[in-house]
Amino acid sequence: MVDNLETVIDYQTLLPFLRQLAQPSKFLLTSRHGLFAYTGVFCLSLKELSQVDSLALLQYEAEMRGVAALTQCFRDATD
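Residues numbered from 1 in each chain as written. Predicted model: local features only at pLDDT ≥ 70, side-chain atom pairs only at ≥ 80, totals over all residues. Heavy atoms only, no water.

Turning next to the overall build of the protein chain. The secondary structure content of the protein chain amounts to three helices and zero strands. When the helices and strands of the protein chain are placed in sequence order, the string is α-α-α. Each principal axis of the C-alpha atoms in the protein chain carries an extent, and together these give about 50 × 25 × 25 Å. Expressed as a percentage of the 79 residues in the protein chain, the buried residues total 10%. In the protein chain, the proportion of contacts linking residues at least 24 apart, taken out of those at least 6 apart, comes to 42%. If you sum the accessible surface of the protein chain, you get close to 6800 Å²; carbon and sulfur atoms cover 59% of it. Separation between the mean location of the 6 positive side-chain charges and that of the 9 negative ones in the protein chain comes to 10 Å. (Helix = DSSP H or I, 4+ residues; strand = E, 2+ residues; numbered from the N terminus. Buried < 20%, exposed > 50% of the residue type's maximum accessible area, 1.4 Å probe, protein only. Contact = heavy atoms within 4.5 Å. Areas by Shrake-Rupley, 256 points an atom, 1.4 Å probe, with all protein chains shown as cover. Lys, Arg positive; Asp, Glu negative; His and termini not counted. Charge placed at Lys NZ, Arg CZ, Asp CG, Glu CD.)

Relative to the elements of secondary structure, Glu6 occurs in the segment before helix 1 (11-21). Residues Glu6 and Val67, spaced 61 residues apart in sequence, show a C-alpha to C-alpha distance of 30 Å. Among residues more than four places away in sequence, those in contact with Glu6 are Thr30, Ser31, Arg32 and His33.

This part covers the confidence of the model for the protein chain. Here the protein chain shows a mean pLDDT of 81. Residues at 70 or above account for 92%. Here helix 3 (residues 68-78) stands out as the element of the protein chain with the lowest mean pLDDT, 73, in contrast to helix 2 (residues 51-65), whose mean of 88 is the highest. (pLDDT = per-residue confidence, 0-100.)

The omega angle of the peptide bond from Gln23 to Pro24 is 10°, so this bond is cis rather than trans. Looking at the element boundaries, Pro24 is found in the loop between helix 1 and helix 2.

Before going further, it helps to spend a moment on the layout of surface pockets. Remark: the empty space left among the atoms is shown by a probe the size of a water molecule rolled over them. Considering only enclosed or pocket space, the largest pocket measures out at about 1000 Å³ in volume. Around the largest pocket, the lining is made up of 28 residues, and of these Leu28, Leu29, Thr30, Ser31 and Phe42 lie nearest the centre. For the lining of the largest pocket, the residue count by class is 14 nonpolar, eight polar and six charged. (1 Å grid on protein atoms, 1.4 Å probe; cavity = no way out; pocket = protein on both sides within 12 Å on 5 of 7 lines; lining within 4 Å. Points joined across faces, edges and corners; volume = space filled by probe spheres on them. Nonpolar A, V, L, I, M, F, W, Y, C, P; charged D, E, K, R; others polar.)

Here you go:
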């Protein structure tokens, strides 16, 4: 996974390299910029999460990862 691809110094060189490794492996790239100009890249644009959904995601991740302090914050906020 490459998060925030636009921050990679030379992502235009990285993409062809990843393409060579992509059989049968796959890569998840996130970017604020579309990569529609690149062949072999499937682009899926998503809307931002609402505040409620963002908090639900954080709570889920805290519970799954066993981060007790963060999990307790969510419990306290809903009581």
